[in-house]
Amino acid sequence: QVQLVESGGGLVQAGGSLRLSCAASGRAFSSRAAGWFRQAPGKEREFVATITWTGSSTTYADSVKGRFTISRDNAKNTVSLQMNSLKPEDTAVYYCAAARGYISGNYSWQYDYWGQGTQVTVSS
């Protein structure tokens, strides 16, 4: 089992920045790919970013590419999402997820463990 707890959400003005953190506990998190997803009101959960278990490769949704950066520290069992140049359309609940194994992916079904989510609100 892997437990995930997100933090760092909040209210920010458009153009501002936030850094989300995800603290993991349990077995073998450092050998799993990890990702961030988000869900806005009335919309389906969507992929934001993913990182391989070594941290050597990352993938981003087109909507956040160049603005968001995912990173991980396996010694501390954490995954972070640095969000810059935030837009009102980035408003959503953001979820951290741990994959089934070391292979990362863009689909929620590829992830077995999820955090409870943290709210990000960007005002215009």
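See the structure above.
Here's the deal with the overall build of the protein chain
Counting secondary structure elements, the protein chain contains zero helices and 11 strands. Secondary structure of the protein chain in N-to-C order comes out as β-β-β-β-β-β-β-β-β-β-β. Taken against the 2.2 N^0.38 rule, which gives 14 Å for 124 residues, the C-alpha radius of gyration of the protein chain at 13 Å falls within 12% of a compact globule. Seen through its C-alpha atoms, the protein chain measures out along the principal axes to roughly 40 × 25 × 25 Å. Counting every position in the protein chain, which comprises 124 residues, the buried fraction comes to 43%.

Here's the deal with the sheet that holds strand E3 (residues 18-26)
What holds strands together in a sheet is hydrogen bonding between their backbones, with the strands either parallel or antiparallel. Spatially, the four strands line up as an open sheet ordered E1-E3-E8-E7, and their pairing is antiparallel. Each end of this open sheet is capped by a strand with a single partner; those strands are strand E1 (2-7) and strand E7 (68-73). For this sheet the average axis-to-axis angle between neighbouring strands, irrespective of direction, equals 15°. Of the pairings in the sheet, the one linking E3 to strand E8 (residues 78-83) comprises six bridges and is antiparallel in character. Bridged to Leu18 within E8 is Met83.

Some thoughts on the nonpolar core
Leu4, Trp36, Leu81, Met83 and Tyr94 are the most contacted members of the largest nonpolar core, which has 36 residues in total. Sorting elements by how many residues they give to this core places strand E9 (residues 92-99) first, with six residues.

Considerations on the environment of Ser71
Topologically, Ser71 is positioned in strand E7. Along the sequence, Ser71 and Gly26 sit 45 residues apart, while their C-alpha atoms lie 19 Å from each other. Ignoring sequence-local partners within four residues, the contact set of Ser71 consists of Arg19, Ile51, Thr78, Val79 and Ser80.

Quick look at a nonpolar patch on the surface
A cluster of nonpolar side chains, contributed by Trp53, Tyr102 and Ile103, occupies part of the molecular surface with about 370 Å² of accessible area. As for its placement among the helices and strands, Tyr102 is situated in the loop between E9 and strand E10 (111-114).

Some remarks on the packing of aromatic side chains
Under the counting rule described, the total for this entry stands at five aromatic pairs. Relative to Phe47, the ring of Phe37 lies with its centre 5.8 Å away and its plane at 75°, an arrangement referred to as edge-to-face. Of this pair, Phe37 sits in strand E4 (residues 34-39) while Phe47 sits in strand E5 (residues 46-51), and the two are 10 residues apart along the sequence. Side by side, Phe37 and Phe47 carry an identical accessibility label, which is buried. Ring centres of Tyr107 and Trp109 lie 6.2 Å apart, and the angle between their planes is 20°; on these two criteria the pair is classed as stacked.

Reading guide: rules and limits
- Residues numbered from 1 in each chain as written.
- Predicted model: local features only at pLDDT ≥ 70, side-chain atom pairs only at ≥ 80, totals over all residues.
- Heavy atoms only, no water.
- Helix = DSSP H or I, 4+ residues; strand = E, 2+ residues; numbered from the N terminus.
- Rg over C-alpha atoms; globule rule 2.2 N^0.38 Å.
- Buried < 20%, exposed > 50% of the residue type's maximum accessible area, 1.4 Å probe, protein only.
- Pairing = 2+ DSSP bridges.
- Axes fitted to C-alpha atoms, helices over the stretch in contact; angles between N-to-C directions.
- Core = buried A, V, L, I, M, F, W, Y, C linked by side-chain atoms within 4.5 Å.
- Contact = heavy atoms within 4.5 Å.
- Patch = residues over 30% accessible without salt bridge, like charges linked within 9 Å, V, L, I, M, F, W, Y side chains within 5 Å.
- Areas by Shrake-Rupley, 256 points an atom, 1.4 Å probe, with all protein chains shown as cover.
- Salt bridge = Lys/Arg side-chain N within 4 Å of Asp/Glu carboxyl O.
- Phe/Tyr/Trp six-rings, centres within 6.5 Å; stacked < 30°, edge-to-face > 60°.

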